[in-house]
Amino acid sequence: MTNDKHPDTKVVQGGRRKEWLRNMVNVPVSRTSTVLFDNMEASREAYPPVNGRLSYGRNGTWTQWSLAEALTELEPGAEGTMLFPSGSAAVSIALTSVLAPGDELLMVDSTYGPTRHFCDRELKRLNVSTVYYDPLSSPTEIEALIGEKTRAIFMESPGSLTFEVQDVPGICAMAKARGLSTLLDNTWATSFFFTAIDKGVDLSVVACTKYISGHSDVMMGAVTAATSHMTRLTRTSRSFGQYVSPDDAYLVARGLRTLGARLRQHELGAVKVAHWLKDQPQVARVIHPAFADCPGHAFWKRDFTGSTGLFSVALKGGSAADLDRLIDSLELFGIGYSWGGFESLAMSADTDNLRTAALRDYGGPLLRLHIGLEDPDDLIADLSAALADYPAA
């Protein structure tokens, strides 16, 4: 399929080759460990494994290939996509594919907690050092941090919990001029609202567990690569024996078909709830990339085609215990660490132990909300009842 199709068309049609569909609407689930060959010559021709050529179960069948191809088609200029059993696994393998002992990584300080733990524990054990930088740093300021051993720059835009939007194209252009690899955690927007590869990113990571799947029933991650980085990503992934089951690939592909419709509904609900929250006396500020006062909003407006359902709220005063009571009193919001599913969620957003380069005082506790597919007026009523008892400063 050509890349001039609208994203809505791509999520419906992507990866649905006739030879994989076999006259069905959905690519069937093919479960196998062993692939049988007609003769020894055919067995040798199966290697090296590529999508579209059966070799061994761990290298996938059309069930996994079709999902990978559909995700690749969402990214103009991408070479291919590798699938992983979780978003964290996708991040870990992507980083491992571009780093070697003795290297240095520049990591955005607002990154996802498990990504930070991987850097501080596993990369450190492998003699890879990590330097954290403020997510609001300009490309010039990040360039000043580059040393002789720096090999890669990792971005997450918007950032976890505090939603700073980075100048991804500017950072990538600077990195390419310096011969560095660039990686982006693109889970918040997905490739539907932010195409990373054509902005200069070498490896774009998405936790398919979240919006791609959309139904809170499967774990998966994906890394889409530019041509320059596909070979090393593939080699590293296969060396570590990474694999996703055909049943999980089928579930994620099923979620992908409705991604556009779901994201727009998440966006409408989140914007309505966020605007209401902004006017409440207990709220100090709403941290939502689509709002003009969100750090990096100008980059969001320039580079993104929409927003999703996840944002944070800084409350006026109050304690962590007060925030806990507020969350516990909500009826329509679940309490859970994930997001991106059909259901609304609420969670405290404590950044004290997750920041070293960008410590900021928001004036009170941070509440992270994921606005699901419920009616936003019902969610507002639920939040209104909970906020009524909050001790605003």
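Residues numbered from 1 in each chain as written. Predicted model: local features only at pLDDT ≥ 70, side-chain atom pairs only at ≥ 80, totals over all residues. Heavy atoms only, no water.

S.K.: Looking at this structure, how should I read the overall build of the chain?
M.R.: Along the chain, the regular secondary structure elements total 15 helices and 11 strands. A globule of 393 residues ought to have a C-alpha radius of gyration of about 21 Å, and the chain, at 21 Å, matches this closely. Out of the 393 residues belonging to the chain, those deemed buried represent 57%. Sequence-distant contacts in the chain: of pairs separated by 6 or more residues, those separated by 24 or more amount to 74%. As presented, the chain carries roughly 16,600 Å² of accessible surface, and 52% of it is formed by carbon and sulfur atoms. Of the side chains in the chain, 37 bear a positive and 46 a negative charge, and the two mean positions are spaced by 7 Å. (Helix = DSSP H or I, 4+ residues; strand = E, 2+ residues; numbered from the N terminus. Rg over C-alpha atoms; globule rule 2.2 N^0.38 Å. Buried < 20%, exposed > 50% of the residue type's maximum accessible area, 1.4 Å probe, protein only. Contact = heavy atoms within 4.5 Å. Areas by Shrake-Rupley, 256 points an atom, 1.4 Å probe, with all protein chains shown as cover. Lys, Arg positive; Asp, Glu negative; His and termini not counted. Charge placed at Lys NZ, Arg CZ, Asp CG, Glu CD.)

S.K.: I would appreciate a short explanation of helix α6 (residues 113-125) in the present structure.
M.R.: The α-helix advances 3.6 residues per turn, and as a result positions three or four apart in sequence lie on the same side. Taking 1.5 Å of rise per residue, 13 residues should cover 18 Å, and α6 covers 18 Å from first to last C-alpha, within 8% of that figure. The sharpest bend along α6 measures roughly 30 degrees and falls at Cys119. For α6, the set of buried residues is Gly113, Thr115, Arg116, Phe118, Cys119 and Leu123. Looking at the buried residues of α6, the elements they touch are α5 (87-98), β2 (104-108), β3 (129-133) and β4 (150-156). (Expected span 1.5 Å × (residues − 1). Bend = angle between axes of the 7 residues up to and from the residue.)

S.K.: What is the right way to read the packing of helix α12 (residues 259-278) against helix α15 (residues 376-387) from this model?
M.R.: Each pair of packed helices can be described by the angle between their axes along with the distance between the axes. Relative to each other, α12 and α15 sit at 30 degrees, their axes nearing to 10 Å. With respect to α15, the element α12 is oriented roughly parallel. Crossing angle aside, the handedness with which α12 passes α15 is right-handed. From α12, Gly269, Lys272, Val273, Trp276 and Leu277 reach across to α15, where they touch Pro376, Asp377, Leu379, Ile380, Leu383, Ser384 and Leu387. Class assignment for the residues of the contact of α12 with α15 results in 8 nonpolar, 2 polar and 2 charged. (Axes fitted to C-alpha atoms, helices over the stretch in contact; angles between N-to-C directions. Parallel < 35°, antiparallel > 145°, perpendicular 65-115°, else oblique. Left-handed = near helix turned anticlockwise from the far one by under 90°. Nonpolar A, V, L, I, M, F, W, Y, C, P; charged D, E, K, R; others polar.)

S.K.: Can you walk me through the sheet that holds strand β11 (residues 366-370) in this structure?
M.R.: Adjacent strands of a sheet form backbone hydrogen bonds with each other and so pair up, either parallel or antiparallel. Spatial ordering of the open sheet is given by β8-β9-β11-β10, a layout of 4 strands whose pairing is antiparallel. Two strands in the sheet have a free side with no partner beyond their single neighbour: β8 (283-287) and β10 (345-348). Each strand of the sheet is rotated relative to its neighbour by a mean of 25 degrees, with strand direction disregarded. Across 5 bridges, the pairing between strand β9 (residues 310-315) and β11 is antiparallel. (Pairing = 2+ DSSP bridges.)

S.K.: Sorry if this is basic, but what is going on with the pairing of β2 here?
M.R.: For a regular strand, the rule is simple: side chains alternate between the two faces of the sheet. The element β2 is extensively covered by neighbouring structure, given that 5 of its 5 residues are classed as buried. Neither face of β2 is open: one carries Glu104, Leu106 and Val108, the other Leu105 and Met107, and all of them are buried. Across 5 bridges, the pairing between β2 and β3 is parallel. Across the sheet, residue Val108 finds its bridge partner in β3, namely Tyr133. Handedness of the β-α-β unit built from β2, α6 and β3 comes out right-handed. (Right-handed = clockwise from strand over helix to strand, strands pointing away.)

S.K.: Please explain the packing of helix α4 (residues 62-73) against helix α11 (residues 246-256) as it appears in this structure.
M.R.: For the pair α4 and α11, interaxial distance at closest approach is 8 Å and the crossing angle is 35 degrees. In this structure, the crossing between α4 and α11 has a hand that is left-handed. Here Thr63, Gln64, Leu67, Ala70 and Leu71 of α4 lie close against α11, whose contacting residues are Pro246, Ala249, Tyr250, Val252, Ala253 and Leu256. Residue classes in the contact of α4 with α11 are distributed as 9 nonpolar, 2 polar and no charged.

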